Protein chains: 2
Amino acid sequence: MAKDKKLVESITSMQEDFAQWYTDVVKKAELIDYSSVKGCMIIKPAGYALWENIQRELDRRFKETGVQNVYMPMFIPESLLNKEKDHVEGFAPEVAWVTHGGQNALQERLCVRPTSETLFCDFYKNDVQSYRDLPKVYNQWCSVVRWEKETRPFLRSREFLWQEGHTAHATAQEAQERTEQMLDVYAKFCEEVLAVPVICGQKTDKEKFAGAKATYTIEALMHDGKALQSGTSHNFGDGFAKAFGIQYTDRDNQLQYVHQTSWGLSTRIIGAIIMVHGDDSGLVLPPAIAPVQVMIVPVQQQKEGVLDKAWELCDRLKAGFRVKADDSEKSPGWKFAEQEMRGIPVRIEIGPKDIEKGQCVLVRRDTREKYETPLDEVPKKLKWLLETVQSDMLARARAHRDAHITDARNYDEFKKALEENPGFIRGMWCGEQACEDKIKEETAATSRCMPFAQEQISDTCVCCGKPARKLVFWGKAY
Amino acid sequence: MAKDKKLVESITSMQEDFAQWYTDVVKKAELIDYSSVKGCMIIKPAGYALWENIQRELDRRFKETGVQNVYMPMFIPESLLNKEKDHVEGFAPEVAWVTHGGQNALQERLCVRPTSETLFCDFYKNDVQSYRDLPKVYNQWCSVVRWEKETRPFLRSREFLWQEGHTAHATAQEAQERTEQMLDVYAKFCEEVLAVPVICGQKTDKEKFAGAKATYTIEALMHDGKALQSGTSHNFGDGFAKAFGIQYTDRDNQLQYVHQTSWGLSTRIIGAIIMVHGDDSGLVLPPAIAPVQVMIVPVQQQKEGVLDKAWELCDRLKAGFRVKADDSEKSPGWKFAEQEMRGIPVRIEIGPKDIEKGQCVLVRRDTREKYETPLDEVPKKLKWLLETVQSDMLARARAHRDAHITDARNYDEFKKALEENPGFIRGMWCGEQACEDKIKEETAATSRCMPFAQEQISDTCVCCGKPARKLVFWGKAY
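Computed from a predicted model, the values in this text were never measured in an experiment.

Q: What is the right way to read the overall build of chain A from this model?
A: On a plain count of helices and strands, chain A comes out with 15 helices and 23 strands. Its C-alpha atoms give chain A a radius of gyration of 25 Å, near enough to 23 Å, the size a compact globule of 478 residues would have. Of all 478 residues assigned to chain A, the portion counted as buried reaches 60%. Counting contacts in chain A only where the partners sit at least 6 residues apart, residues at least 24 apart contribute 68% of the total. Taken as a whole, chain A presents about 19,500 Å² of accessible surface, with 46% of it coming from carbon and sulfur. Each charge class in chain A was averaged separately, 66 positive and 72 negative side chains, and the resulting centres sit 1 Å apart.

What follows is the structure in structure tokens.
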């Protein structure tokens, strides 16, 4: 038992220090390790298996909407990055530059892609000729690099994995529809698969993507009351098309500029899974995304027949579930703690007494509730339990989120809410960046989004008191 | 019909210029496009879908052997790359160097990974403590960069996609077994899925991987008689472990060095698919890997009921096959040429006369043979046909390969064979690098491998006439 305690004791409690709790979980659940490359992470098997499941499910949803995958070079010549003015201003300060190939200095330096709008534009410029070539609905899964100063596992690192979709359309309307459609794919994926409820809305001009006409976002609320921007979708209008000269001939043989979008979701989302669902025993994974959904732990496994029964059960469940049996020499207590740390949604305990009674015990990770279950009813019960855990996790996350949304009608209420109930603050905004700047400087909160579901909760700006134009979700964010 | 001709005419014939034929196919089948980044390719949807299928199938086979996927940083600090002497000598001349992050010069320059042995070693050094931590059987899917001077689509480019497996074991024997096991996975994958037969064997010291104790390879023969190294598996012994200090305590509490392997297969393999199976009409894809296995082409689609019948058939086949219907406004002839160019294994023609007779026509891409098939028998017939095409393609590739293997007992026979029947030459070798060097200089052929199936076809080295030690497959290679 000494060992079991050690595993659990080594996590800092959320209450005590949320940031340290997060780091502990990430390390102890073996999702990530630090590398010798400053600011770059090693994604270990447990972490990468999560990403693989995210990829598989998201990719399937993309393809249902007609997305095709491609692969662009990882390097961007400096002259190409410079073509769109806002875009280069946004990204140039944080890119890594390749200056030498082998022994030779390059004629033109190349940056390692921080995002690939410029590469896709350069490609579409030649690939799109006629209206028959449109729309182009391309996506790539890759890694990108942004030279961040402060880094945190999954949340901010110099290299991270993501997907970036880049589309080109004949009309402005089609581009707008695709922008919203992909945001909706993200939102549904987060809720249905990750059990992470999100607020959907538009970014203010201050917070939008460098070069975008409009940026839309899904914002999730972490357990500590901070927001996490979890995926974004941008409408570029014809801004990039004009900068890069991407034109097509329409049905009337007239030259037109294309309208473009891009949208991305990254390994950052794993941070959301951790911080929305985790507890003081470690990770809690939604069954729909858990690489292992069920861990069978034999009790008194040295007794005759116990291991056989555990393996038999495991084999039987393999047809319908992602299941493993832990037959290692560790103590059951140690195995329980490990299963909890790794966030495996259900554990099945089976020992000599259970076998005598023809049963086993299902224990759900999220509430620790136990269910004594006849052996022949396990598949049915397990199916029900995993579905229940999944929907309970979403309901719990939604309740937590909703309990941490406060309406503020003036600046005093705003500051009070931030202090007393950290989370999202709904407050009206005049539309001036000066108010966003002031709020950020004085409270560290930023505008997270102007939600699609607009309401008029007061007539005046929560900051300056001038006439209100938009409802905004505000909050401190990762 | 003018348009149809244009599509086909634009491919150079294999006979006339094989290299140009290859480039034409790659472009016309829309697998790849050139980019503004010199030496880097854009993988277009048709090319990337092939890579996705390769990934899916290979990854499944990896995981069956216990492989776990991870992700390592894309950068290697110079000091880390320098740790293993042979390795750095092999790779330093061809790496891309990052020297600046944002506006600042880096304290130590970083290379973009050309391969990740050094990163995995640096990780294992801390992650492996005890025999209980072994084996580590990790793999990653990523892109790597090698600053090549001359590049060709898929075959050699500055950036390419691949998987690299990196394992650590307690014993030398286990490492050797894993090295051979993964080569066997590659060989079976190539034959069973890609219909590409390969010669398995060991590389000579001259040709082995920088830092390896032994390198094993699968070598395929292209249609022009040149060999393509299609996958390699390396046993490092404890060389890297000693350079990086990767030690574990064994069951007797003694410190031991681990034994390591690595193995990789890249997008280069797509070049093999093209050059083993393609013909003067374009690509010919093996059904097992083809993103689209069946293209339904309606004939006289403007006639009533034709399109409905085509769609109905398409819907019915979707359950068992990767099928599409081409209902675009192009002429049937154009669609036929396009389906052939893209290498889609089977096309189904269906027009008013067919519908009258309650049939359609299945046309296989590889032989162009036609099969009139009653509509209700299509699924069964199609299953048989795809399996037949797959096995015929392998048989044909094997027959071509075998017809281009010549035994040579002396240098005259060797040179004659190279000229008269370009392909693999089986010739005995004394074991001296001087002979490899001479052969390469004088004939441009290299030692491809020492096959596992060794024979003594003569007593003397094919080059110098001294006593022979090994049977070697020689050949010109990509």
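Now that the structure is up, let's keep going.
Q: Would you explain the interface of chain A and chain B in this entry?
A: A common measure of how large an interface is: the accessible area buried when the components associate. Each side of the interface is counted separately: chain A has 49 residues, and chain B has 49 residues. Across the chain A/chain B interface, buried area totals approximately 4,100 Å², and carbon plus sulfur atoms make up 63% of it. A salt bridge links E52(A) to K63(B); the shortest N-O distance between them is 3.1 Å. Inspection of the region where chain A meets chain B yields 23 residue pairs in polar contact (both at pLDDT 80 or more). With six residues, the top contributor of residues to the side of chain A that touches chain B is strand 5 (residues 96–101) of chain A. In terms of residue class, the side of chain A that touches chain B is made up of 29 nonpolar, 10 polar and 10 charged. In this structure, strand 5 of chain A lies alongside strand 5 (residues 96–101) of chain B, joined through five bridges in antiparallel fashion. Of the residues in strand 5 of chain B, the one forming a bridge with W97(A) is H100(B).

Q: How should I be thinking about the packing of helix 3 (residues 45–64) of chain B against helix 9 (residues 268–277) of chain B in this particular structure?
A: Residue and element names in this part refer to chain B. Where helix 3 contacts helix 9, the two axes come as close as 10 Å, and the packing angle between them is 105°. With respect to each other, helix 3 and helix 9 are oriented roughly perpendicular. For the pair helix 3 and helix 9, the contacting residues are G47, L50, W51 and I54 in the first and I269, I270 and I273 in the second. Among the residues making up the contact of helix 3 with helix 9, the classes are represented as six nonpolar, one polar and no charged.

Q: Explain the environment of D437(B) here, please?
A: One can find D437(B) in helix 15 (residues 433–443). Put simply, D437(B) and A325(B) are 112 residues apart on the chain and 54 Å apart in space, counted from C-alpha to C-alpha.

Q: What should I look at first to understand the relation of the copies chain A and chain B in this one?
A: Note on the chain copies: they are related by a rotation about an axis and a translation along it. For the match of chain A to chain B, the screw axis carries a shift of 0.0 Å, the RMSD comes to 0.0 Å, and the turn is 180°. Such a turn and shift between the copies fits a two-fold axis. In terms of proximity to the rotation axis, the leading residue of chain A is V98(A), whose C-alpha is 2.1 Å off the axis.

Q: Help me understand the nonpolar core in this model?
A: A general feature of soluble globular proteins is that nonpolar side chains tend to end up buried together. Counting 204 residues, the largest nonpolar core has F75(A) and F75(B) as its most contacted members. Beyond its immediate stretch of four places on either side in the chain, F75(B) contacts V37(A), C40(A), A96(A), V112(A), V145(A), W147(A), V98(B), L110(B), C111(B), V112(B) and L119(B).

Q: Help me understand the sheet that holds strand 11 (residues 227–237) of chain B in this model?
A: Sheet strands pair via backbone hydrogen bonds, and the direction of the pair is either parallel or antiparallel. Residue and element names in this part refer to chain B. Pairing is mixed across the open sheet formed by 11 strands, whose spatial order is 3-7-8-14-11-10-9-22-23-21-20. Each end of this open sheet is capped by a strand with a single partner; those strands are strand 3 (68–69) and strand 20 (405–407). Helix 3 rests against strand 3, strand 7 (136–145), strand 8 (159–169) and strand 14 (259–266) of the sheet, and its axis sits at about 165° to strand 7. Against the sheet, helix 6 (residues 117–127) contacts strand 7, strand 8, strand 11 and strand 14, and its axis sits at roughly 150° relative to strand 7.

Q: Help me understand unusual backbone geometry, please; the structure alone is not making it clear to me.
A: Note: most peptide bonds trans; most residues except glycine with negative phi. Residues and elements named next belong to chain A. Of note, the amide linkage connecting L134 to P135 takes the cis form, showing an omega dihedral of -5°. Tracing the sequence through the fold places P135 in the loop between helix 6 (117–127) and strand 7 (136–145). One non-glycine residue with positive phi stands out, namely Q300, at about 50°. As for its placement among the helices and strands, Q300 is situated in the loop between strand 15 (294–298) and helix 10 (306–317).

Q: It is not clear to me how the state of the cysteines should be interpreted in this structure. Could you clarify?
A: Cysteine pairs can be covalently joined through their sulfur atoms, and such a bond is termed a disulfide. All names here are of chain A. The final tally for this structure, using the stated rule, is zero disulfides over all chains. Left without a disulfide partner, C314 is nearest to the cysteine sulfur of C360, which lies 12 Å away. C464 provides the cysteine sulfur closest to C461, a residue in no disulfide bond, and the two sulfurs are 3.7 Å apart. A relative accessible area of 2% means that C461 is categorised as buried.

Q: Mind showing me how you'd approach the side chain of T217(B) here?
A: All names here are of chain B. With respect to the element layout, T217 can be found in strand 10 (residues 214–221). Engagement of the side chain of T217 in a polar contact is seen with the side chain of E219, the distance being 2.8 Å. Setting aside its immediate chain neighbours within four residues, T217 contacts L183, I199, C200, G201, K203, Q229, G231, T232, R448 and C449.

Q: Just to check I follow, could you spell out the sheet that holds strand 4 (residues 75–77) of chain B for this structure?
A: Reading across the sheet, the six strands line up as 4(A)-6(A)-5(A)-5(B)-6(B)-4(B) and stay open at both edges, with antiparallel pairing between neighbours. Two strands close off the open sheet at either side, each with one partner strand: strand 4 (75–77) of chain A together with strand 4 of chain B. With strand direction ignored, the average angle separating the axes of adjacent strands in the sheet is 45°. Pairing geometry for strand 4 of chain A and strand 6 (residues 104–112) of chain A, over three bridges, is antiparallel. Its bridge partner being in strand 6 of chain A, P77(A) is matched across the sheet by L110(A).

Q: Is there a simple way to explain helix 10 of chain A in this structure?
A: Every α-helix carries 3.6 residues per turn, so stepping three or four residues along brings you back to the same face. All names here are of chain A. With 12 residues, helix 10 extends 17 Å from end C-alpha to end C-alpha; this agrees with the ideal 16 Å at 1.5 Å per step. When we look at burial in helix 10, the residues that qualify are V306, L307, A310, L313, C314 and L317. Down the axis of helix 10, the buried set is contained in an arc of 125°. They therefore lie on one face. When the buried face of helix 10 is taken as reference, the exposed residues oriented beyond 90 degrees from it are D308 and D315.

Q: Is there a simple way to explain the pattern of salt bridges in this structure?
A: Side chains that differ in charge, positive against negative, can pair when their charged atoms come close. The final tally for this structure, using the stated rule, is 77 salt bridges over all chains. Between R396(A) and D366(A) there is a salt bridge, with its nearest N and O atoms 2.7 Å apart. With R396(A) in helix 13 (residues 378–403) and D366(A) in the loop between strand 18 (359–364) and strand 19 (370–374), this residue pair connects regions lying 30 residues apart in the sequence. Look at R396(A) and you get partly exposed, because its relative accessible area is 39%. Ionic pairing is found between E387(B) and K383(B), a salt bridge with its closest N-O pair at 3.1 Å. On the criterion of helical spacing, the pair formed by E387(B) and K383(B) is a turn pair, its members being four residues apart in helix 13 (residues 378–403).

Basis of the calculations
- Residues numbered from 1 in each chain as written.
- Chains lettered and ligands numbered in written order.
- Predicted model: local features only at pLDDT ≥ 70, side-chain atom pairs only at ≥ 80, totals over all residues.
- Heavy atoms only, no water.
- Helix = DSSP H or I, 4+ residues; strand = E, 2+ residues; numbered from the N terminus.
- Rg over C-alpha atoms; globule rule 2.2 N^0.38 Å.
- Buried < 20%, exposed > 50% of the residue type's maximum accessible area, 1.4 Å probe, protein only.
- Contact = heavy atoms within 4.5 Å.
- Areas by Shrake-Rupley, 256 points an atom, 1.4 Å probe, with all protein chains shown as cover.
- Lys, Arg positive; Asp, Glu negative; His and termini not counted.
- Charge placed at Lys NZ, Arg CZ, Asp CG, Glu CD.
- Buried area = accessible area lost by both parts, 1.4 Å probe.
- Salt bridge = Lys/Arg side-chain N within 4 Å of Asp/Glu carboxyl O.
- Polar contact = N/O pair within 3.5 Å; in protein donor to acceptor, adjacent residues only side chain to side chain.
- Nonpolar A, V, L, I, M, F, W, Y, C, P; charged D, E, K, R; others polar.
- Pairing = 2+ DSSP bridges.
- Axes fitted to C-alpha atoms, helices over the stretch in contact; angles between N-to-C directions.
- Parallel < 35°, antiparallel > 145°, perpendicular 65-115°, else oblique.
- Least-squares fit on C-alpha atoms with pLDDT ≥ 70 in both.
- Core = buried A, V, L, I, M, F, W, Y, C linked by side-chain atoms within 4.5 Å.
- Disulfide = S-S within 2.5 Å.
- Expected span 1.5 Å × (residues − 1).
- Arc of directions from axis to C-beta.

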